[in-house]
Amino acid sequence: MSLEITLEHKQQAFHELRSVKELFASRNWFPGTSGNLSVRVGDIQEGQFQFAITASGKDKTVHTPEDFLLVNELGQPTERTSLKPSAETLIHCEIYRLTGCGAIFHVHTVFNNIVSELYGDEGYIPVQGVELIKAFNIWEENARIEIPVVPNYTHIPSIVPCVTEKLNPVIPGIILRNHGIYAWGANSFEAKRHLEAFEFLFEYVYRMKALA
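Notes on the structure in this doc start here. (Residues numbered from 1 in each chain as written. Predicted model: local features only at pLDDT ≥ 70, side-chain atom pairs only at ≥ 80, totals over all residues. Heavy atoms only, no water.)

Moving on, we come to the pairing of strand β3 (residues 68–72). Within β3, five of the five residues are buried, leaving the element largely enclosed by the surrounding structure. Inspection of the sheet shows strand β2 (residues 48–54) paired to β3 by five bridges, in the antiparallel sense. Within β3, the residue paired with Thr54 across the bridge is Phe68. (Buried < 20%, exposed > 50% of the residue type's maximum accessible area, 1.4 Å probe, protein only. Helix = DSSP H or I, 4+ residues; strand = E, 2+ residues; numbered from the N terminus. Pairing = 2+ DSSP bridges.)

A few words on the pattern of salt bridges. If you walk through the whole model with that rule in mind, you get 12 salt bridges. Here Lys134 ties to Glu131 by a salt bridge, and the two come within 3.1 Å at their closest N and O atoms. On the basis of relative accessibility, which here comes to 33%, the residue Lys134 falls in the partly exposed class. Residue classification places Glu131 among the exposed residues on the basis of a relative accessible area of 52%. In this structure, a network of salt bridges that share partners links the residues Arg27, Lys192 and Glu196. (Salt bridge = Lys/Arg side-chain N within 4 Å of Asp/Glu carboxyl O.)

As a further point, take the sheet that holds strand β8 (residues 180–185). The eight strands lie next to each other as β3-β2-β1-β4-β8-β7-β6-β5, forming an open sheet whose pairing is mixed. Lying at the two open borders of the sheet, with one neighbouring strand each, are β3 and β5 (124–128). Going from strand to strand, the sheet's axes swing by 20 degrees on average, the running direction of each strand aside. On the sheet, helix α2 (residues 89–99) packs against β1 (36–45), β2, β3, β4 (103–107), β7 (173–176) and β8 and is oriented at approximately 135 degrees with respect to β2. (Axes fitted to C-alpha atoms, helices over the stretch in contact; angles between N-to-C directions. Contact = heavy atoms within 4.5 Å.)

Before going further, it helps to spend a moment on a nonpolar patch on the surface. Where nonpolar side chains cluster on the molecular surface, the patch consists of Leu132, Phe200, Tyr204, Met208 and Leu211 and spans about 490 Å² of accessible area. Mapped onto the secondary structure, Met208 falls in helix α5 (residues 188–211). Residue classification places Met208 among the partly exposed positions, given a relative accessible area of 44%. (Patch = residues over 30% accessible without salt bridge, like charges linked within 9 Å, V, L, I, M, F, W, Y side chains within 5 Å. Areas by Shrake-Rupley, 256 points an atom, 1.4 Å probe, with all protein chains shown as cover.)

Now the structure itself:
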């Protein structure tokens, strides 16, 4: 079975990634070429899917014709190319498989690194009673969430089972300890909203911890 991806689908995905990349770069969320962004292209059919993802090692503060490429559900390029997908593409593959989401954004910030280290031994970052929890469509009074933290290994395939085990479908994000957050959503707009909410919450947790 092959998925039919039109040129229009591909161009739309690349356009969305370029816009998000430019915005996040303006916030200094891609230090040292870190981070990666992806948008699913087309539907998921019988476990098969494709997504556009940032190419490895590119300066995300500039735009070039070689910023993005298409890969399949195994993280393999679907077109002949010399570009390499992000080293963490397999994590994107697993999140798409588990959630069926439409976009995944991953950034490294000082706040998300620090709080993931502070709470890494607990395996989650607790947040309670903060307004931005509503960004995840959680509306209970004084709501409490636990943002999953998973170990960070140099060998990326070793991280994937940890993501499988710890991913909570109610919480649209998972953080690698002392590394960075993966946030996702049904589309680019929702993934962006979720990522911004997570980053606010990480800074909130850090500053509250510092005041304690």
